[in-house]
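Fold and geometry: a report
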Amino acid sequence: MITNKETKKRIQSLDLIRGIAILGILVMNITSFSAISMAYLNPNLGPGIEGYNAWIHGFSYLFADMRFMSIFSILFGVGMMIFVSNVENRGLKAAKFHYRRMLFLGLIGLLHAYLIWMGDILVPYAICACFVFLIRKWSSRILIFLAAIFFVVPLIMNLMLWFGLSPEALFRTFDPVWNPSIAEQTQEILAYRGPYLDQLEVRAEGAQAMQTYLFIGEGFWRYSSMMILGILLYRWSWFSDYKSKTWHLRFGLIILFSGLFIAGTGLFQSYKVDWYGPWALTIGHQYTYVSSLFIALAYISIFIYWSQTNFWSGVQYRLQEVGRMAFTNYILSSIICTLICYGHGFGLFGKLDRLEQWLVVLLVWVVILLGSNLILKKHKQGPLEAIWRRWTYH
């Protein structure tokens with residue numbers, strides 16, 4: 001049985017991890033905010049990988065690429081279970097409030113994707129959570145099997161593409177995507193450097209791609225598998241301190257090194273094939289995809305250990321505040337980054353190298369940390385969290 005003290009501690013650890021994930025996601029997303037869309041996957045585009053740009057890209061590739069997004073997806077599953085449990089404990093129908101909650105999330109996600117930034121994750125999260133909710137009560141054995149199946153579906157599809165198509169067909173299929181023409185790159189750069197209305201068409205095209213074939217090909221399977229994993233971790237009291245104090249640290253370090261070995265192998269192989277597009281988008285992507293699961297679980301475990309100590313308790317508390325306002329801070333980071341990079345703001349799109357991108361990241365981190373602290377001194381929740389709650393229980 002979990003005591004009130006344990007519940008409080010578990011929630012604090014969740015807020016801590018969620019806050020770190022919100023900040024960490026920006027390490028990779030800054031490339032999408034400040035450079036053409038394919039620069040996120042193809043490091044030769046945008047700021048490139050010359051000089052120190054290569055070292056910064058390598059660091060992000062190893063420690064951030066898909067890692068914090070996986071954490072956020074896992075915590076979304078955990079959060080769903082906590083929400084459902086709270087609703088059911090009040091004698092209310094969980095389905096009614098869960099789907100109302102996801103409707104609001106999806107609507108905000110659509111506004112975010114088409115009016116602010118095309119890389120939105122709220123819409124796919126809302127869709128996946130509607131499905132995962134239906135199976136939340138299935139046995140742990142079945143959920144483990146289902147999560148594993150969902151996780152490997154994109155891997156199988158990529159393997160089928162690589163081994164099923166001829167080299168010529170692979171090149172015709174993937175190279176135009178991997179290496180957009182100069183005209184296409186220029187069109188995107190000019191659109192985002194231009195007035196707000198000029199951005200709408202190119203942003204809509206990117207958002208539609210994210211919400212259709214990219215979601216069907218990978219997003220649905222990956223997000224759903226991570227949410228199911230979150231349900232399992234919630235059942236197994238992963239975020240409570242029933243284990244020895246150092247168990248999470250030992251477990252986290254072991255799988256962290258395993259994940260980094262997989263990711264490091266992928267990075268080495270990518271340079272070995274000179275970032276060849278068809279390989280990078282199929283076989284090469286597998287290294288990042290698989291290692292993200294290992295490293296996400298490693299980070300979660302290490303941060304749980306940290307939450308059980310008094311080490312840098314003040315920093316922990318500030319990060320918990322960021323986590324308590326995760327919804328608001330996610331949208332806020334998009335608003336700040338687009339104001340810095342897009343034409344209705346400072347118009348730095350396509351002009352920043354990777355070091356300058358990191359300066360933007362640090363600026364946004366400072367704003368989020370200070371803003372979360374100021375808001376939570378006067379309010380129990382962030383503004384979007386408060387509106388979300390009113391919508392849900394209205």
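Residues numbered from 1 in each chain as written. Predicted model: local features only at pLDDT ≥ 70, side-chain atom pairs only at ≥ 80, totals over all residues. Heavy atoms only, no water.

The subject of this paragraph is the nonpolar core. The tendency in soluble globular proteins is for nonpolar side chains to be buried side by side. If you look at the biggest cluster of nonpolar residues, it comprises 120 residues, and the most contacted ones within it are Ile71, Leu105, Tyr125, Phe239 and Phe327. Per-element accounting of this core gives the leading share, 14 residues, to helix α3 (residues 67-89). Setting aside residues up to four positions removed in sequence, leucine 105 forms contacts with Phe76, Leu122, Tyr125, Ala126, Phe327 and Trp388. (Core = buried A, V, L, I, M, F, W, Y, C linked by side-chain atoms within 4.5 Å. Buried < 20%, exposed > 50% of the residue type's maximum accessible area, 1.4 Å probe, protein only. Helix = DSSP H or I, 4+ residues; strand = E, 2+ residues; numbered from the N terminus. Contact = heavy atoms within 4.5 Å.)

Direction vectors running N to C along helix α9 (residues 196-211) and helix α10 (residues 213-235) enclose 40°, while the axes themselves pass 4 Å from each other. In this view, α9 runs oblique relative to α10, as classed from their interaxial angle. Counted together, Ala209, Met210 and Gln211 of α9 and Tyr213, Leu214 and Phe215 of α10 form the full contact between these two elements. When grouped by side-chain class, the residues that make up the contact of α9 with α10 number five nonpolar, one polar and no charged. (Axes fitted to C-alpha atoms, helices over the stretch in contact; angles between N-to-C directions. Parallel < 35°, antiparallel > 145°, perpendicular 65-115°, else oblique. Nonpolar A, V, L, I, M, F, W, Y, C, P; charged D, E, K, R; others polar.)

Inspection of the entire model under this criterion finds four salt bridges. A salt bridge links aspartate 15 to arginine 18, with the shortest nitrogen-to-oxygen separation between them at 3.2 Å. Within this pair, aspartate 15 and its partner arginine 18 are both found in helix α1 (residues 4-34), separated by three residues, close to a single helical turn. Take aspartate 15 and arginine 18: they sit in the same class, and that class is buried. With its nearest N and O atoms 3.6 Å apart, the salt bridge here joins arginine 318 to glutamate 321. In this pair, arginine 318 and glutamate 321 both sit in helix α14 (residues 313-324), three residues apart, roughly one turn of the helix. A relative accessible area of 35% places arginine 318 in the partly exposed class. (Salt bridge = Lys/Arg side-chain N within 4 Å of Asp/Glu carboxyl O.)

A separate point is helix α8 (residues 182-193). Its 12 residues place the ends of α8 16 Å apart at the C-alpha level, agreeing with the 16 Å of an ideal helix rising 1.5 Å per residue. On its buried face, α8 is in contact with α9 and α15 (326-341). (Expected span 1.5 Å × (residues − 1).)

For the rest of this paragraph, the subject is unusual backbone geometry. You will see that methionine 66, though not glycine, has its phi angle at about 70°, which is positive. Taking relative accessible area as the criterion, methionine 66 reaches 8% and is therefore assigned buried. Its identity is not glycine, yet tryptophan 312 carries a phi of approximately 50°, on the positive side. With a relative accessible area of 56%, tryptophan 312 lands in the exposed category.

In this section: the confidence of the model for the protein. Confidence along the protein averages 94 in pLDDT terms, with 96% of residues attaining 70 or more. Here α1 stands out as the least confident element of the protein, with mean pLDDT 82; α15 is the most confident, with 98. Counting interchain partners and residues more than four positions distant, the pLDDT-below-50 stretch residues 1-10 has 12 contacts. (pLDDT = per-residue confidence, 0-100.)

All right, on to helix α11 (residues 247-272) then. Here α11 spans 38 Å end to end across 26 residues, near enough to the 38 Å set by a 1.5 Å rise per residue. Every buried residue of α11 is listed here: His248, Gly252, Ile255, Leu256, Gly259, Leu260, Ala263, Gly266, Leu267 and Ser270. Packed against the buried residues of α11 are α2 (52-63), α3, α12 (277-280) and α13 (283-307). Where α11 terminates, the next one or two residues include aspartate 274, which has phi positive at roughly 60°.

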